[in-house]
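Architecture and fold: a report
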Amino acid sequence: MSDQPLMTARGVTKIYGERIGCEAVDLDIYPGEIVAIVGESGSGKTTLLNCLSARLAPSAGSIYYRMRDGRLQDLYAMGEAERRFLMRTDWGFVHQNPADGLRMGVSAGANVGERLMAVGERHYGRIRDTALDWLERVEISTDRIDDRPNAFSGGMRQRLQIARNLVTGPRLVFMDEPTGGLDVSVQARLLDLLRGLVGELGLAAIVVTHDLAVARLLSQRIMVMKDGRVIEHGLTDRVLDDPREPYTQLLVSSILQV
Amino acid sequence: MSDPLVVSGVAKSFTMHLRGGLRLPVVDNVSVRVARGECVVLGGPSGAGKSSILKMLYGNYAVDGGEILVTHDGETVDLARASPRQVLQLRRNVIGYVSQFLRTVPRVSALDVVAEPLIARGHDAEASRQQASALLDRLNLPHALWSLPPATFSGGEQQRVNIARGFITEHPVLLLDEPTASLDAQNRRVVIAMIDEKKRAGTALLGIFHDEEVREAVADRIIDVTAFRPAREAA
């Protein structure tokens, strides 16, 4: 277990005019750990995710990221080029809607290969081999490599988006409702795949979800958000089995038992 | 040398915010010490808080107060105040737990469920699976089930997977919540033998066993948890 956090956020606040997106959020994320951010629609979890992933400048607060060389960098003080490079190589971002994270008009192989080219890989044969390998790892038949994702089912598209994100060996992956909008059986398969890959690659991940079962399966730690604030956080099984705050108790007791 | 597990003054209550803030005291002033190679059994009627005590010692329930001192490799950590990351580290290396029910994960085979704690500690995956096979064999789980996810297994089969998972590592502290509740006589005897081996290896065990035969066979001491009953509070 590494004792230096990969990312350190303090007092992250985002105000939209009169409205609070998120307020005074502190978070440390360590290499290899998965943190879930849960809460209902409008609780600020996606706003927070966007702030942490350098996609939305916070109104106040600081976010530091430990670069591969060990330097701690202020995310919003680094240059645009450096930030772009980080987002293309060291980070992944898995969108709820795969169409937001894929290029729908180019082949599956190109979707995976494109990220590799962004980190300087130029050899066509190697790019194709790596793309084939990744399609296999996300359980997409390799004979679909030349098909475009608009010919894929929702579950396949989501798996392709994951391959596209993981191919560069990122250290931190942001996921916004990665199983939202999928059929339940497809969800289970995707979750199992994610769990396996994250463990195998030792990634850190921040997963936004409104589904507590997803949080339990994937994450070690959990943050519960309400009205833009983190109202309870801790070990995932502790928070879900022994919720302390009224709102967390309400969330946990609202799960339907099968 | 300090005992691996020293619990003192631990208290637990639930506050039910959805019931107008109703406070349910569970246990108060729980004090237990478990030495190396000792098996201490929590006794007392259902609802007395035995499972809640084990859950607190595993960090699954928060505590209202008191200390849970866990000593390993000369280092003592108070689990009652440990950070989530410290608790995870303690679970990986020091405190094992066999819960009453197996929480299954879709698509993960019984064999991998059992091998996982070893692999998480950095052991070779193939060697871990071999060790898992040996345990499942010993617990008489039919070979045909090993490659299947345990979600559809019977209660007794799931429990044996759970026991194998809990016993596969050499955690110095092991918490057992009715590990033999749905086992037949033959498998109960296997579990008794496995507990004896853990004791001889120096593991500190704390468990709940409703089955009298098992309790008689494994317990060095029985602690009646009704002694930890909270005082009735004035409303």
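To start, this report covers the structure provided alongside it. A quick note: this is a predicted structure, and the numbers were derived from the prediction, not measured.

Rules used in this analysis
- Residues numbered from 1 in each chain as written.
- Chains lettered and ligands numbered in written order.
- Predicted model: local features only at pLDDT ≥ 70, side-chain atom pairs only at ≥ 80, totals over all residues.
- Heavy atoms only, no water.
- Helix = DSSP H or I, 4+ residues; strand = E, 2+ residues; numbered from the N terminus.
- Rg over C-alpha atoms; globule rule 2.2 N^0.38 Å.
- Buried < 20%, exposed > 50% of the residue type's maximum accessible area, 1.4 Å probe, protein only.
- Areas by Shrake-Rupley, 256 points an atom, 1.4 Å probe, with all protein chains shown as cover.
- Lys, Arg positive; Asp, Glu negative; His and termini not counted.
- Charge placed at Lys NZ, Arg CZ, Asp CG, Glu CD.
- Contact = heavy atoms within 4.5 Å.
- Buried area = accessible area lost by both parts, 1.4 Å probe.
- Salt bridge = Lys/Arg side-chain N within 4 Å of Asp/Glu carboxyl O.
- Polar contact = N/O pair within 3.5 Å; in protein donor to acceptor, adjacent residues only side chain to side chain.
- Nonpolar A, V, L, I, M, F, W, Y, C, P; charged D, E, K, R; others polar.
- Core = buried A, V, L, I, M, F, W, Y, C linked by side-chain atoms within 4.5 Å.
- 1 Å grid on protein atoms, 1.4 Å probe; cavity = no way out; pocket = protein on both sides within 12 Å on 5 of 7 lines; lining within 4 Å.
- Points joined across faces, edges and corners; volume = space filled by probe spheres on them.
- Pairing = 2+ DSSP bridges.
- Expected span 1.5 Å × (residues − 1).

Looking only at helices and strands, chain A features ten helices and ten strands. Against the globule reference of 18 Å for 258 residues, chain A gives a C-alpha radius of gyration of 18 Å, in line with a compact fold. Taking the principal axes of its C-alpha atoms as reference, chain A extends roughly 55 × 50 × 40 Å. Buried positions account for 52% of the 258 residues belonging to chain A. A total accessible area of about 11300 Å² is found for chain A, and carbon and sulfur atoms account for 48% of it. A distance of 4 Å separates the average location of the 31 positive side-chain charges in chain A from that of its 34 negative side-chain charges.

So, about the overall build of chain B. The helix and strand inventory of chain B stands at seven helices and nine strands. In terms of C-alpha radius of gyration, chain B reaches 18 Å, essentially the compact-globule figure of 18 Å for 235 residues. Viewed in the frame of its principal axes, chain B has a C-alpha envelope of about 55 × 40 × 35 Å. Expressed as a percentage of the 235 residues in chain B, the buried residues total 52%. Here chain B has roughly 10800 Å² of accessible surface; of this, 48% comes from carbon and sulfur atoms. For chain B, the distance from the average position of its 27 positive side-chain charges to the average position of its 27 negative side-chain charges is 5 Å.

The interface of chain A with chain B comprises 27 residues on the first partner and 26 residues on the second. At the boundary of chain A with chain B, total buried surface from both sides reaches about 2200 Å², with 53% on carbon and sulfur atoms. Summed over the shared surface of chain A and chain B, the result is six salt bridges. Close ionic contact of Asp-242 of chain A with Lys-12 of chain B constitutes a salt bridge, the shortest N to O distance being 2.5 Å. If you look at where chain A meets chain B, you find ten residue pairs in polar contact (both at pLDDT 80 or more). When contributions to the side of chain A that touches chain B are tallied by element, the ones reaching two or more residues are α7 (184-201), α8 (212-218), β10 (229-235), α9 (236-241) and α10 (246-253) of chain A. Ranked by the residues each element gives to the side of chain A that touches chain B, the list is headed by α7 of chain A, at five residues. Of the residues in the side of chain A that touches chain B, the class split is eight nonpolar, five polar and 14 charged.

Residue and element names in this part refer to chain B. In terms of nonpolar packing, the biggest core is built from 39 residues, with Leu-5, Val-32, Ile-53, Ile-68, Ile-95, Leu-175 and Leu-206 touching the most fellow members. Considering every element that reaches this core, the biggest residue donor is strand β2 (residues 22-34), with five residues. Setting aside residues no more than four positions away along its own chain, Ile-53 makes contact with Val-27, Val-30, Leu-42, Val-225 and Phe-228. Ala-110, Leu-136, Val-191 and Phe-209 belong to the second-largest nonpolar core, a separate cluster that totals 37 residues.

Moving on to the environment of Leu-72 of chain A. Relative to the assigned elements, Leu-72 of chain A resides in strand β5 (residues 72-74). Once residues within four sequence positions are removed from consideration, Leu-72 of chain A is found in contact with Tyr-64, Tyr-65 and Arg-66 of chain A.

This next bit is on the side chain of Arg-221 of chain A. All names here are of chain A. Turning to its location among the elements, Arg-221 is positioned in strand β9 (residues 221-226). For Arg-221, a relative accessible area of 13% corresponds to the buried category. At 2.7 Å, the side chain of Arg-221 and the side chain of Glu-33 are in polar contact.

So, about empty space enclosed by the protein. Residue and element names in this part refer to chain A. Counting across every chain of the model gives one cavity of 30 Å³ or more. Here the largest cavity defines a volume of roughly 40 Å³. What lines the largest cavity is simply Val-94, Ile-162, Asn-165, Leu-166, Val-173, Met-175, Leu-194, Val-198 and Leu-203. Of all the secondary-structure elements, those providing two or more residues to the lining of the largest cavity are α6 (154-166), β7 (172-176) and α7. For the lining of the largest cavity, the element with the most residues is α6, which contributes three residues. Counted by class, the lining of the largest cavity contains eight nonpolar, one polar and no charged residues.

The next point concerns the pairing of strand β4 (residues 60-66) of chain A. All names here are of chain A. With five bridges joining them, strand β1 (residues 7-16) and β4 adopt antiparallel strand pairing. Within β4, the position partnered with Ala-9 by the bridge is Ile-63. As defined by bridge partners, β4 adjoins β5 across three bridges and the pair is classed as antiparallel. From the neighbouring strand, Arg-66 faces β5, where its bridge partner is Leu-72.

The periodicity of an α-helix, 3.6 residues per turn, causes residues three or four places apart in sequence to face the same way. Residue and element names in this part refer to chain B. Compared with an ideal rise of 1.5 Å per residue, which puts 14 residues at 20 Å, helix α4 (residues 125-138) spans 20 Å between its outermost C-alpha atoms and is within 8% of the ideal. For α4, the secondary structure elements touched by its buried residues are α3 (110-120), α5 (155-167) and α6 (185-200). Between the side-chain oxygen at the start of α4 and the backbone nitrogen of Glu-126 there is a gap of 3.3 Å, and the oxygen is on Asp-124. Asn-140 lies just past α4 and shows a positive phi near 60°.

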